[in-house]
Amino acid sequence: MMQGRGPALGAALLYGTISLSMAFLNKAVMSQYGFNYPFFILSCQMILTVTVLEVMRAFGKFGIPKITMAAIKMFAFPSFCYSLHATLSLMALEGMNIPMYGALKRCTPLVNLILAVTYLKKPTPSALVITSVLTITIGCLIAGMSDPTFHGYAYMMGGLSVVLQGLYQTLVEQCGENQLSPLHILHLNSCISVIPFIIITCGKGELSAVFTYQYIGETNFHVIFLLVLVLGLLLNFSLFLCTMLNSALTTSIVGVSKSVLTIIGFLTFGGIVFDPVNVAGITLNIAGGVTYVYARYQDHKTRRRNIYLGDDGIQHAGWELKEKIDASQLPK
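These numbers come from a predicted model, not from an experiment.

**Some points on the packing of helix α2 (residues 38-58) against helix α3 (residues 69-93)**
For step 1, the next point in the chain: Interhelical geometry of α2 versus α3 gives an angle of 135° and a closest axis separation of 9 Å. On the basis of their axis angle, the class for α2 and α3 is oblique. Every pair of crossing elements has a handedness; the one defined by α2 and α3 is right-handed. Here α2 contributes Pro38, Phe39, Leu42 and Met46 to the contact with α3, which in turn contributes Tyr82, Ser83, Ala86, Thr87, Leu90 and Met91.
For step 2, the next point in the chain: Along the lines of polarity and charge, the residues of the contact of α2 with α3 split into eight nonpolar, two polar and no charged.

What follows is the structure, encoded as structure tokens:
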């Protein structure tokens, strides 16, 4: 077990940095270089991930188990949702600027909230949580309606990707009951996704188009494309790592910080005109995200008031929390 807050802070910074970088790199590959082959990109990312994890498994690193048919059947639908979400996200970035893409993705908590109550049968969250999630969604709608670069098809693809992302995250949370490790989930997801991605890549003619791509021989493009593949692998891993070493609350804080930092997209890519209504929508979206994190933090503090740490609560994997029992409720 890693001691201290250093590793936990490092995991949070790693996730935030990679998540932010991926948005800009994907935009550079899809727009500036005109490399509009999302299925080829995803196929390469899955191939790289499977290769790296298989090498790690062959050397006995991190106890990654073999892929079984039972595990594939169990994780097939979550993997399908992930694959379609990733594809639609790349397609959305073709017609959306980075700040608006980030604002739209901030609607995911609304999907998670609905699925948590209706599918996972969890208790209805607090009024502050519901209010913050609705604020995020309203801000996104305001910003979208006033976006001077509005592209209906891109927004539709982005909206569908948000729904699928929420569904995928909910299904993965449910799979956690089966005691799957983050690396095992990453391995399963990559192995299941790689075959359909390759089939679609060939079926859509993307593979043959890549060989005739105008920048295929340029070193700068090779470097950026390799970074996209490596960061795609690290993004999924860092997301799970951040949640394990910290908590879902910390991961949410990192996500809000990333949303604020995407404003540098205004200066990075240029040629984007925002009117006051658009800026107000994005501001409302970010404010709702900050409120959401605060609400979750308050809920976390409330739950901890009725919890104490006993001497026997120290386990090899961390602290075991035990609910305090009223002495009057104990059997005589």
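Moving on, there is more to tell.
**Structural notes on the pattern of salt bridges**
For step 1, the next point in the chain: Under the counting rule described, the total for this entry stands at one salt bridge.
For step 2, the next point in the chain: A salt bridge links glutamate 54 to arginine 57, with the nearest nitrogen and oxygen atoms 3.0 Å apart. On the criterion of helical spacing, the pair formed by glutamate 54 and arginine 57 is a turn pair, its members being three residues apart in helix α2.
For step 3, the next point in the chain: Taking relative accessible area as the criterion, arginine 57 reaches 27% and is therefore assigned partly exposed.

**Observations concerning the environment of glycine 63**
For step 1, the next point in the chain: When you line up the elements, glycine 63 lands in the loop between α2 and α3.
For step 2, the next point in the chain: Considering only alpha carbons, one finds glycine 63 and serine 181, 118 residues apart in sequence, at a separation of 9.6 Å.

**Concerning the nonpolar core**
If you look at soluble globular proteins, the nonpolar side chains tend to sit buried side by side.
For step 1, the next point in the chain: Residues Phe75, Met96, Met100 and Tyr168 are the most contacted members of the largest nonpolar core, which totals 39 residues.
For step 2, the next point in the chain: The set of elements that each furnish at least two residues to this core consists of α2, α3, α4 (98-105), α5 (108-118), α6 (127-145), α7 (152-175), α8 (182-203) and α13 (276-304).
For step 3, the next point in the chain: At 10 residues, the largest contribution of residues to this core is made by α3.
For step 4, the next point in the chain: Ranked by size, the runner-up nonpolar core spans 19 residues in total, among them Leu25, Tyr33, Tyr37 and Ile224.

**Remarks on α8**
For step 1, the next point in the chain: In a regular helix each residue adds 1.5 Å, so 22 residues correspond to 32 Å; α8 covers 32 Å between its end C-alpha atoms and thus fits that length.
For step 2, the next point in the chain: Considering bend angle alone, the principal kink of α8 is centred on valine 194 and spans about 30°; proline proline 196 follows within four residues of it.
For step 3, the next point in the chain: Of the residues one or two after α8, glycine 205 is the one with positive phi, at around 80°.

**Quick notes on the side chain of serine 79**
For step 1, the next point in the chain: Take serine 79: it is sitting in helix α3.
For step 2, the next point in the chain: Looking at serine 79, the relative accessible area reads 1%, which means it is buried.
For step 3, the next point in the chain: Excluding anything up to four places from it in sequence, serine 79 contacts Asn189, Ile192 and Ser193.

How each quantity is defined
Residues numbered from 1 in each chain as written. Predicted model: local features only at pLDDT ≥ 70, side-chain atom pairs only at ≥ 80, totals over all residues. Heavy atoms only, no water. Axes fitted to C-alpha atoms, helices over the stretch in contact; angles between N-to-C directions. Helix = DSSP H or I, 4+ residues; strand = E, 2+ residues; numbered from the N terminus. Parallel < 35°, antiparallel > 145°, perpendicular 65-115°, else oblique. Left-handed = near helix turned anticlockwise from the far one by under 90°. Contact = heavy atoms within 4.5 Å. Nonpolar A, V, L, I, M, F, W, Y, C, P; charged D, E, K, R; others polar. Salt bridge = Lys/Arg side-chain N within 4 Å of Asp/Glu carboxyl O. Buried < 20%, exposed > 50% of the residue type's maximum accessible area, 1.4 Å probe, protein only. Core = buried A, V, L, I, M, F, W, Y, C linked by side-chain atoms within 4.5 Å. Expected span 1.5 Å × (residues − 1). Bend = angle between axes of the 7 residues up to and from the residue.

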